[in-house]
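One-letter residues, chain by chain:
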Amino acid sequence: QIPKDPTQRWLRELAALSQQLQQVHPNVLAKILKQRTVYQNEEIVVIDKPYGVPVHGGPGIKNCIADVLPILAKMLENMKAEPLHLCHRLDKETTGVMVLARSKEAAEKIRVLFKTRQVEKIYWAVVLGDPDPVEGVVEIPIVEKEVQSHQSHYKMTLAPNYRLCPEDGKVVKIRKNRNAESAVTRYRRLAGASACSLLELQPITGVKHQIRVHLAYGLGCPILGDHKYSHWSKLAPQKLPELTLRRLKLEQSKARHLPLHLHAHRLRLPLGQPLDFVCKLPLFFQKTLRKLDLDIPKD
């Protein structure tokens, strides 16, 4: 039963996004990943990661990328192929460029490149609001904390080294949090409309949820559809500006269906000669940009 009303249809599509690939047989997921292979050579396989598929398994997760790597390897090569190896991770809701290795040695080599910050990663995100300034670097350490609320949960958050003194407004250094990891994200605005912006992001470090935390808590511009980092003290759907809701033809009560708009757009890997991979935006992301009147940059 496909709704005739385009808004209802769009809602149905959004609600199905996260569920779709959790319901399929592992062989079907492997086949989908095979169709989304953007590059392969004797060392690596690069895929365009779909929305809503976690990289690792866990409680309540039926399908994840790690589990289907042996099947994918056989589909790409032959029945005797060794399983593929993970080299880095993307959040369950993040789409785009993901590198897999054909051997343990290649995986180790690539992990070292990521660790030593030799891999250049470019993400695109739709955020609420307008970052001020429109281009810059967020360099604030990040730490994981427990949020005490009616349902306790853990979140990554900022652990700044400086704060403003309330008495005289001077900047004072505060004691470093021993558990905090240093985190650096470059950003620049590519377009702005409908109370939202399209940003290009380059994470220099690779801390868990770094881009999401730096945008939401550092710049005050949470990613569209980031229901986890739009509030600190509670787990609740993101509150959207009136103009954004109108453009998306959504009611606030349906905002919970909005997916996270964060896409790993480009990755440069210095393996011998530098390899450059680009994954175009998923359809739901392109539709959102059109509805919000955000111009897709030509690159």
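Because the structure is a prediction, the values reported are computed rather than measured.

**Quick look at helix α4 (residues 104-115)**
Now for step 1: With 12 residues, α4 ought to run about 16 Å at 1.5 Å a step, and its terminal C-alpha atoms sit 16 Å apart, in line with that.
Now for step 2: Those residues of α4 that sit buried are Ala106, Ala107, Ile110, Leu113 and Phe114. Looking straight down α4, one finds that the buried residues subtend no more than 120° of arc, so they occupy a single side. Looking at α4, the residues exposed on the side facing more than 90 degrees away from the buried face are Lys104, Glu105 and Lys115.
Now for step 3: If you follow the buried residues of α4, they end up packed against β2 (44-49), β3 (85-86), β4 (95-101), β5 (120-128) and β13 (262-271).
Now for step 4: After α4 finishes, the residue Arg117 shows a positive phi value of roughly 60°.

**As for helix α2 (residues 26-35)**
Now for step 1: Those residues of α2 not exposed but buried are Leu29, Ala30, Ile32 and Leu33. Each buried residue of α2 lies within a common arc of 160° when the element is viewed along its axis, so the set occupies one face.
Now for step 2: In this structure, the buried residues of α2 make contact with α1 (6-23), β1 (37-40), β2 and α3 (65-76).

**Topic: the side chain of His261**
Now for step 1: You can see His261 is positioned in the loop between α6 (242-248) and β13.
Now for step 2: On the accessibility criterion, His261 (0% relative accessible area) is buried.
Now for step 3: One polar contact links the side chain of His261 to the main-chain carbonyl oxygen of Pro259, over a distance of 2.7 Å.
Now for step 4: With residues up to four places along the chain from it excluded, the contact list for His261 reads Trp124, Ala125, Val126, Ile223, Leu224, Phe284, Phe285 and Thr288.

**Description of the pattern of salt bridges**
Now for step 1: Under the counting rule described, the total for this entry stands at 15 salt bridges.
Now for step 2: Note that Lys287 is salt-bridged to Glu13, the shortest N-O span being 2.9 Å. Separated by 274 residues along the polypeptide, Lys287 in helix α7 (residues 283-292) and Glu13 in helix α1 bring together distant segments of the chain.
Now for step 3: Note that Asp91 is salt-bridged to Arg212, the shortest N-O span being 3.0 Å.

**A few points about the domain arrangement of the protein chain**
Now for step 1: Looking at the protein chain, the domain boundaries give domain 1 (1-116) and domain 2 (120-266).
Now for step 2: The distance between the C-alpha centroids of domain 1 and domain 2 comes to 25 Å.
Now for step 3: On the side of domain 2, 17 residues touch domain 1, which itself brings 16 residues to the contact.
Now for step 4: One can count one salt bridge joining domain 1 with domain 2.

**Quick word on the packing of aromatic side chains**
Now for step 1: On inspection of all chains with the given rule, the structure shows five aromatic pairs.
Now for step 2: For the ring pair Tyr51 and Phe284, a centre distance of 5.3 Å and an interplane angle of 75° mean the geometry is edge-to-face. One end of the pair, Tyr51, is in the loop between β2 and α3; the other, Phe284, is in helix α7, with 233 residues separating them in the sequence. The same class applies to Tyr51 and to Phe284, which are both buried.
Now for step 3: A ring pair is formed by Tyr217 and Tyr229, whose centres lie 5.9 Å apart and whose planes are at 75°; its orientation type is edge-to-face. Within this pair, whereas Tyr217 is found in helix α5 (residues 210-218), its partner Tyr229 is found in the loop between α5 and α6, the two being separated by 12 residues in sequence.
Now for step 4: Classification of Tyr217 as partly exposed rests on a relative accessible area of 23%.
Now for step 5: Put simply, the rings of Tyr51, Phe284 and Phe285 pair up and form one aromatic cluster.

**Some words on the pairing of strand β11 (residues 184-193)**
Now for step 1: As judged from the five bridges shared by strand β6 (residues 135-139) and β11, these two strands associate in the antiparallel manner. In the sheet register, Val138 faces β11, and the bridge partner there is Thr185.
Now for step 2: In terms of strand pairing, β11 meets strand β12 (residues 196-203) through eight bridges, oriented antiparallel. Looking at β12, one finds that Arg186 is bridged to Gln202.
Now for step 3: Linking two consecutive strands that pair antiparallel, namely β11 and β12, is a turn of two residues; a positive phi of about 55° is found at Ser194 within it.

**Points about a nonpolar patch on the surface**
Now for step 1: Residues Tyr162, Leu164 and Val171 make up a contiguous nonpolar surface patch of about 350 Å² in total accessible area.
Now for step 2: Summarising the element assignment, Val171 is placed in strand β10 (residues 171-173).
Now for step 3: Take Val171: its relative accessible area is 59%, and that puts it in the exposed class.

**Some remarks on unusual backbone geometry**
Now for step 1: Cis rather than trans, the peptide bond between Asp132 and Pro133 has omega equal to 0°.
Now for step 2: Secondary-structure assignment places Pro133 in the loop between β5 and β6.
Now for step 3: Notably, Arg117 is not glycine yet its phi reads approximately 60°, a positive angle.
Now for step 4: Within the secondary structure layout, Arg117 lies in the loop between α4 and β5.
Now for step 5: In the Ramachandran plot, His209 falls in the positive-phi region, its phi being about 60° despite a non-glycine side chain.
Now for step 6: Here His209 is to be found in the loop between β12 and α5.
Now for step 7: Given the relative accessible area of 13%, His209 is considered buried.

The rules behind these values
- Residues numbered from 1 in each chain as written.
- Predicted model: local features only at pLDDT ≥ 70, side-chain atom pairs only at ≥ 80, totals over all residues.
- Heavy atoms only, no water.
- Helix = DSSP H or I, 4+ residues; strand = E, 2+ residues; numbered from the N terminus.
- Expected span 1.5 Å × (residues − 1).
- Buried < 20%, exposed > 50% of the residue type's maximum accessible area, 1.4 Å probe, protein only.
- Arc of directions from axis to C-beta.
- Contact = heavy atoms within 4.5 Å.
- Polar contact = N/O pair within 3.5 Å; in protein donor to acceptor, adjacent residues only side chain to side chain.
- Salt bridge = Lys/Arg side-chain N within 4 Å of Asp/Glu carboxyl O.
- Domains from an automatic or database assignment.
- Phe/Tyr/Trp six-rings, centres within 6.5 Å; stacked < 30°, edge-to-face > 60°.
- Pairing = 2+ DSSP bridges.
- Patch = residues over 30% accessible without salt bridge, like charges linked within 9 Å, V, L, I, M, F, W, Y side chains within 5 Å.
- Areas by Shrake-Rupley, 256 points an atom, 1.4 Å probe, with all protein chains shown as cover.

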